[in-house]
Amino acid sequence: LATSIALHRKGIKSVVLERAEKVRSEGAGIGTLSNGWRALDQLGVGDRLRLNSSLIHKARTMLIENGKKREFVSNIVDEARCIKRNDLVEALSDALPKGTIRFGSHIVSIEQDKTTLFPVVHLANGNSIKAKVLIGCDGANSIVSDYLQLNPKKAFACRAVRGFTKYPNGHGFPQEVLRIKQGNVLIGRLPLTDNQVFWFLVHMQDNNHNGKDQESIANLCRKWADDLSEDWKEMVKICNVESLTLTHLRYRAPSEIMLGKFRRGTVTVAGDAMHVMGPFLAQGGSAALEDAVVLARCLARKVGPDHGDLLKDCSMKNIEEAIDEYVDERRMRLLGLSVQTYLTGRSLQTSSKVLRLMFIALLLLLFGRDQIRHTRYDCGRL
């Protein structure tokens, strides 16, 4: 949706193929830092989303090990908020021209037209679409990334649950991101409003439970939170069960980000299809929004304002050059995020003090003491 809006704002028409029958969203909340808000403002939806989210002023991490507690606190100077995923999807879909989204369009295969060399998309309903440009924004299980022959995503040995908890009389929590690592459990919360909290719960070792329905996911959360303090257990116990999502955390290896071929003809990828990463930096959503802005800007620069009608008059060479510029601009940014996310995740996951110190040393060596420098990145204007 963000990519389509960015193209629309540059005068380039696009069609969004959505396999569901209506606008949908899976997941609870998205922690969005200043770089994400810069992108949202370029897309024209930032102010609308600010109405339903509160500023976060501080980040606090607590490590509890063998009865000892260590705490790390940093003040957040730039903008940081949590957005409800439903609010984001609605804001983006409302900003698109009517008819842009084609529902019930499930892609089953992609091929290259032997004559024109442009991509042909085959749908489950038997229809085919000849495209001038195909952008795979289809998530971690991307059929478009398979077409690009990108290597399979790798998995962290942990799973995460995300959810919302509503406190009718107010939660009373400070406006901060709080993360606690205790044993094999990492739990965190971000106030969304005075009455609602977004939270996440990651278990570093428990991979045996399928979580096939909402109630079983809720039971799993209660089990994982059993050794935590009463306020955390209460938050999990009274949560909105329907909001819960269970995810096996995956990532695209930094080496693949550095060396992967993210273009084949006029086909490319964006968002999780390009750079799925763990949630340890809260950058997956914001990085996807950056992709949208950069890709639309690169395409518009090559095709020019006279080629807005589905790029009909634009040559394949110009489109390929535009996509190559997009990939080149994004690659180093994404490489830094993927490396930092990977090392942070591994440092939290390992039970070995030696390995943890090694990962922390690598983080300090590569990213210095300013470990939130990535949040000040500016993807630029559309």
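Refer to the structure printed above.
Residues numbered from 1 in each chain as written. Predicted model: local features only at pLDDT ≥ 70, side-chain atom pairs only at ≥ 80, totals over all residues. Heavy atoms only, no water.

(A) Expanded view of the packing of helix 11 (residues 316-349) against helix 12 (residues 353-367). The geometry of helix 11 relative to helix 12 is characterised by a closest axis approach of 8 Å and an angle of 155° between their N-to-C directions. Between helix 11 and helix 12, the interaxial angle falls into the category roughly antiparallel. Here the hand of the crossing between helix 11 and helix 12 comes out left-handed. Seen from helix 11, the contacting residues are Gly336, Val339, Gln340, Leu343, Thr344, Arg346 and Ser347; seen from helix 12, they are Arg356, Phe359, Ile360, Leu362, Leu363, Leu366 and Phe367. (Axes fitted to C-alpha atoms, helices over the stretch in contact; angles between N-to-C directions. Helix = DSSP H or I, 4+ residues; strand = E, 2+ residues; numbered from the N terminus. Parallel < 35°, antiparallel > 145°, perpendicular 65-115°, else oblique. Left-handed = near helix turned anticlockwise from the far one by under 90°. Contact = heavy atoms within 4.5 Å.)

(B) Molecular detail of a nonpolar patch on the surface. A cluster of nonpolar side chains, contributed by Leu355, Met358, Leu362, Leu365 and Leu366, occupies part of the molecular surface with about 450 Å² of accessible area. Secondary-structure assignment places Leu365 in helix 12. (Patch = residues over 30% accessible without salt bridge, like charges linked within 9 Å, V, L, I, M, F, W, Y side chains within 5 Å. Areas by Shrake-Rupley, 256 points an atom, 1.4 Å probe, with all protein chains shown as cover. Salt bridge = Lys/Arg side-chain N within 4 Å of Asp/Glu carboxyl O.)

(C) Examining the sheet that holds strand 17 (residues 267-269) more closely. Read from one edge of the open sheet, 3 strands run 10-17-16, paired in mixed fashion. Each having just a single partner strand, strand 10 (134-136) and strand 16 (263-264) make up the two edges of the open sheet. Sheet analysis places strand 10 next to strand 17, joined by 3 bridges and oriented parallel. Residue Leu134 lies in a different strand from strand 17, and its bridge partner there is Val267. In the packing of helix 11 onto the sheet, the strands contacted are strand 16 and strand 17, and the crossing angle to strand 17 comes to about 20°. (Pairing = 2+ DSSP bridges.)

(D) Representation of the packing of aromatic side chains within the structure. For the structure on display, the rule yields 6 aromatic pairs. With a centroid separation of 4.6 Å and 45° between ring planes, the pair formed by Phe156 and Tyr251 is classed as tilted. Note that Phe156 is positioned in strand 11 (residues 154-166) and Tyr251 in strand 15 (residues 245-251), a separation of 95 residues in sequence. In terms of burial, Phe156 and Tyr251 fall into one category: buried. When the centroid spacing of 5.3 Å and the interplanar angle of 85° are considered together, the rings of Phe156 and Phe280 count as edge-to-face. Of this pair, Phe156 sits in strand 11 while Phe280 sits in the loop between helix 9 (272-275) and helix 10 (284-303); the two residues are 124 residues apart in sequence, bridging distant segments of the chain. Summarising the burial analysis for this pair, Phe156 and Phe280 share the class buried. Joined through ring pairs, the aromatic side chains of Phe156, Tyr251, Phe280 and Tyr342 make up one cluster. Over the aromatic face of Phe173 sits the side chain of Arg189, whose NZ or CZ is 3.7 Å from the ring centroid. (Phe/Tyr/Trp six-rings, centres within 6.5 Å; stacked < 30°, edge-to-face > 60°. Buried < 20%, exposed > 50% of the residue type's maximum accessible area, 1.4 Å probe, protein only. Lys NZ or Arg CZ within 6 Å of the ring centre and 35° of its normal.)

(E) Main features of the environment of Gln205. Relative to the assigned elements, Gln205 resides in the loop between strand 14 (196-203) and helix 6 (214-224). Discounting chain neighbours no more than four positions away, the residues touching Gln205 are Ala157, Asn184 and Gln349.

(F) Main features of helix 2 (residues 34-43). The buried fraction of helix 2 amounts to 8 of the 10 residues, a majority that puts the element mostly inside the structure. Buried within helix 2 are the following residues: Ser34, Asn35, Gly36, Trp37, Ala39, Leu40, Gln42 and Leu43. Where helix 2 ends, the next residue or the one after it, Gly44, has phi of about 85°, a positive value.

(G) Representation of the pairing of strand 7 (residues 107-112). Judged from the 5 bridges that link them, strand 7 and strand 8 (residues 119-123) form a sheet pairing that is antiparallel. Across the sheet, residue Ile110 finds its bridge partner in strand 8, namely Val121. Linkage of strand 7 to strand 8, two consecutive antiparallel strands, is achieved through a turn of 6 residues, within which Leu117 is found at a positive phi near 70°.

(H) Structural context of the pattern of salt bridges. Enumeration according to the criterion identifies 22 salt bridges in this entry. The partner of Arg48 in a salt bridge is Asp94, with the nearest N and O atoms 3.1 Å apart. In this pair, Arg48 is assigned in helix 3 (residues 46-50) and Asp94 in helix 4 (residues 85-94), connecting sequence segments 46 residues apart. When its relative accessible area of 38% is taken as the criterion, Arg48 is described as partly exposed. Of the residues examined, Asp94 reaches a relative accessible area of 52% and is grouped as exposed. Across the pair Arg330 and Asp291 runs a salt bridge, and its minimum N-O distance is 2.7 Å. With Arg330 in helix 11 and Asp291 in helix 10, this residue pair connects regions lying 39 residues apart in the sequence. Both residues of the pair, Arg330 and Asp291, count as buried. When salt bridges with common partners are traced through the structure, they connect Asp41, Asp47, Arg50, Glu79 and Arg81 into a single cluster.

(I) The sheet that holds strand 8, seen in detail. One open sheet holds the 3 strands; their spatial order is 7-8-9, and the pairing between them is antiparallel. Because the sheet does not close on itself, it has two edges, and the strands there are strand 7 and strand 9 (128-130). Averaged over all neighbouring strand pairs, the angle between strand axes comes to 20°, with direction disregarded. Bridging between strand 8 and strand 9 involves 3 bridges; their strand directions are antiparallel. Paired with His122 across the two strands is Ser128, which belongs to strand 9.

(J) Spatial organisation of unusual backbone geometry. Here the phi dihedral of Leu117 falls at roughly 70°; this positive angle occurs in a residue that is not glycine. Structurally, Leu117 can be placed in the loop between strand 7 and strand 8. Backbone geometry places Ala282, a non-glycine residue, at a positive phi of 55°. By secondary structure assignment, the location of Ala282 is in the loop between helix 9 and helix 10. Taking the relative accessible area as the measure of exposure, Ala282 reaches 33% and is therefore partly exposed.

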